[in-house]
Structure formats: structure tokens, C-alpha cells
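If you want the building blocks of each chain, they are given just below.
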Amino acid sequence: MRNSFFYFFLVAFQLFCYTVFSFAQSNNNLLPNGNFELRTGNPITWGQSNLLKYWKGIANGKWSPITYFYEFEDRGYIPTWKEGGRQIPYSGNGFIGLGIAFKNVEEVGSQYFETELLTPLEKDSTYIISAFVSLADRLKYALDYIPVALSDRTMLSNNGTPIYSSNLIKLKTDQPYLNNTTEWIKISAKYKARGGELFFLIGGIEGNKKLGTEFKLKKMPFHFSFHYILLNKLTYYFIDNISI
């Protein structure tokens with residue numbers, strides 16, 4: 001009887017190890033909750049990024065709040081932004097929205113999401129960083145890339161100042177601008193690790209304190225809306241499925 005129990009335990013343990021190993025091989029994203037599915041509650045209105053697990057969102061300056069969108073299958077409801085339109089997730093049910101300033105960041109402010117990687121990056125190893133984005137409706141400008149950064153320590157600041165990083169990474173596509181408002185577009189970049197990077201940040205990051213981030217802008221067709229007419233220094237993107 002004792003031998004039978006030991007044999008059963010050994011087989012169960014081997015099966016467990018195999019399952020964990022297989023999961024790690026098939027799901028090798030170093031970002032926890034990169035598809036924004038895990039949450040502590042149901043977002044039912046604008047904002048509520050605090051419900052998103054493993055990610056911290058902040059806004060500095062005047063532009064807020066940071067938004068976590070989630071589609072509920074039982075009632076077909078997606079929290080929407082009246083001026084920014086409506087979008088369905090690229091996959092699953094959740095995605096985020098970010099207001100990214102491209103001019104006068106100190107005055108306008110920007111939005112950011114940060115998370116801690118599952119393991120630090122290895123020195124001199126090359127990683128592929130990718131995400132899916134969709135420009136919100138009725139915005140005046142589209143950008144040519146989405147800025148992200150990696151660091152060995154948190155990059156968030158609670159004092160309301162813009163975030164700068166000497167390790168700015170530009171997620172792009174083969175098209176000159178990220179101006180698709182109906183479909184999700186994949187953006188990516190290769191990154192050679194310095195070693196020890198543990199925190200990932202996405203948002204309106206400035207790459208140089210003197211020059212600022214040099215976005216190339218595309219003016220979108222005119223819409224008679226508040227955001228198109230008045231928001232001349234920032235734009236807004238929906239973002240889903242970030243991975244490293």
C-alpha cells in the first residue's frame with residue numbers, strides 16, 4: 001500500500017512538472033498579464049486602471065485618468081470613451097488606453113503603465129518587444145511609434161513630472177504611421193539587453209531632457225469633436241497583447 005502511494009505520488013509529480021514546463025515553453029512572455037485579462041474587479045466606467053493586476057498606471061500633468069477596458073461576454077458591454085470611440089479587444093476581453101503627449105509634456109502631461117518582469121533580462125541577449133495598437137477615433141494626430149522603456153528599477157514618479165529614460169525603445173510597424181482606427185496593428189522592436197532590466201514602462205516617455213521625444217505626426221481627417229479641435233498636443237491609443 002505504501003509503495004503504491006509512493007508510485008502514485010511520483011507519477012503525479014512528474015505530470016505536474018511536465019505541465020509547468022510545457023506552459024513555460026508555450027507561454028514565454030516575460031511580462032505578467034501582458035494580455036490584460038487578469039483583474040481584481042469589473043471596470044464599468046472611464047478610468048479604473050487600479051483593477052488591472054500586475055500593472056500600475058499613472059498620469060502626470062492634466063491628462064487623466066488612465067483607462068482599463070474590459071468586454072463582458074454575458075452582457076456584451078465594453079466601457080467606451082465617448083470622444084475616442086469604441087473598440088473590441090485584439091484577443092480575450094481586456095485592453096488598455098493611453099494618452100500620449102507629443103508636445104509640451106510638462107504642461108499637458110502623459111499617461112503610463114508599468115509592470116515588473118517575471119525574470120530580469122540577460123546581458124547581451126536580444127529580445128523582441130511587441131504589442132498591438134489601435135488609434136482612438138476622432139483624434140487629430142497619429143504617431144509613428146509607441147515609446148517604451150526598460151530599467152533595473154521602477155521608472156514611475158508620483159510627483160507629477162514627465163518621465164525620462166535614456167533607454168527609450170520605439171515600437172513601430174512597417175507603415176510610416178500608426179493611424180488605423182478600426183483594426184489592431186502589430187508593432188515591435190528588437191532590444192539588446194544591458195543586463196538586469198526588471199521593469200517595463202509604456203507611455204509618453206521622453207527620450208532626452210533637452211530635445212524631447214521626436215515623434216513624426218500624421219494629421220487625421222477632420223471630425224467635429226471636442227478632442228479633435230482642442231487636443232493639439234497629445235493623442236490616444238488602445239493597446240493590447242504586449243510581450244517580451
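Residues numbered from 1 in each chain as written. Predicted model: local features only at pLDDT ≥ 70, side-chain atom pairs only at ≥ 80, totals over all residues. Heavy atoms only, no water.

Would you take a moment to explain the overall build of the protein chain for this structure?
When its secondary structure is counted, the protein chain shows 3 helices and 12 strands. Long-range pairs, those at least 24 residues apart, make up 78% of the contacts in the protein chain with a sequence separation of at least 6. Surface exposure of the protein chain reaches about 13,200 Å², of which carbon and sulfur atoms provide 54%. (Helix = DSSP H or I, 4+ residues; strand = E, 2+ residues; numbered from the N terminus. Contact = heavy atoms within 4.5 Å. Areas by Shrake-Rupley, 256 points an atom, 1.4 Å probe, with all protein chains shown as cover.)

Can you help me understand the pattern of salt bridges in this one?
Any two side chains of opposite charge can pair, given that their charged atoms come close. One pass over the structure, following the stated rule, counts 1 salt bridge. Taking the shortest distance from any N to any O, the salt bridge between D152 and R153 comes out at 3.3 Å. Look at R153 and you get exposed, because its relative accessible area is 55%. (Salt bridge = Lys/Arg side-chain N within 4 Å of Asp/Glu carboxyl O. Buried < 20%, exposed > 50% of the residue type's maximum accessible area, 1.4 Å probe, protein only.)

What am I meant to see in the pairing of strand β5 (residues 126-135) here?
Along a regular strand, successive side chains alternate from one face of the sheet to the other. Summarising burial for β5: 8 of the 10 residues are buried, a large majority. Alignment of β5 against strand β9 (residues 185-192), held across 8 bridges, turns out to be antiparallel. If you follow I128 over to β9, its bridge partner there is K190. Relative to strand β12 (residues 234-243), β5 runs antiparallel, the two sharing 5 bridges. Residue pairing for β12: L135 is matched across the bridge by Y237. (Pairing = 2+ DSSP bridges.)

Looking at this structure, I do not really get the environment of Y112. What am I missing?
Tracing the chain through its elements places Y112 in strand β4 (residues 109-116). Sequence separation between Y112 and G97 is 15 residues; the distance between their C-alpha atoms is 9.6 Å.

Would you explain the packing of aromatic side chains in this entry?
The relative placement of two aromatic rings is captured by the distance of their centres and the angle of their planes. Here the structure, examined in full by the defined rule, presents 7 aromatic pairs. Ring geometry for Y90 versus F132: centroids 3.8 Å apart, planes at 15 degrees, classification stacked. Linking Y90 in the loop between β2 (67-70) and β3 (94-101) with F132 in strand β5, this pair joins segments that are 42 residues apart in sequence. Judged by centre distance (5.6 Å) and plane angle (85 degrees), the ring pair of F95 and F238 falls under edge-to-face. (Phe/Tyr/Trp six-rings, centres within 6.5 Å; stacked < 30°, edge-to-face > 60°.)

Before we go on, may I ask you to explain the sheet that holds β9 in this structure?
Across a sheet, paired strands are connected by hydrogen bonds in the backbone, their directions being either parallel or antiparallel. The 5 strands lie next to each other as β2-β3-β12-β5-β9, forming an open sheet whose pairing is antiparallel. Edge positions in the sheet fall to β2 and β9, since each of these pairs with one other strand and no more. Going across the sheet, the axis of each strand differs from the next one's by a mean of 35 degrees, ignoring polarity. (Axes fitted to C-alpha atoms, helices over the stretch in contact; angles between N-to-C directions.)

Mind showing me how you'd approach the nonpolar core here?
Counting residues in each nonpolar core, the largest one holds 52 residues, and the members touching the most others are F200 and Y237. In terms of residues, this core owes the most to one element, β5, which gives 5 residues. When residues no more than four places from it in sequence are discounted, the contact partners of Y237 are I96, G97, L98, I100, V133, S134, L135, A142, L143, I146 and L178. Membership of the second largest hydrophobic core comes to 8 residues, among which are F69, F95, Y236 and F238. (Core = buried A, V, L, I, M, F, W, Y, C linked by side-chain atoms within 4.5 Å.)

Help me understand unusual backbone geometry in this model?
Backbone geometry follows two general trends: most residues other than glycine have a negative phi, and most peptide bonds adopt the trans configuration. Residues other than glycine seldom take positive phi values, yet N33 does so here, at roughly 55 degrees. Here N33 is to be found in the loop between α1 (2-26) and β1 (56-61). Here the phi dihedral of F36 falls at roughly 60 degrees; this positive angle occurs in a residue that is not glycine. Residue placement: F36 occurs in the loop between α1 and β1. The class of F36 is buried, set by a relative accessible area of 0%.

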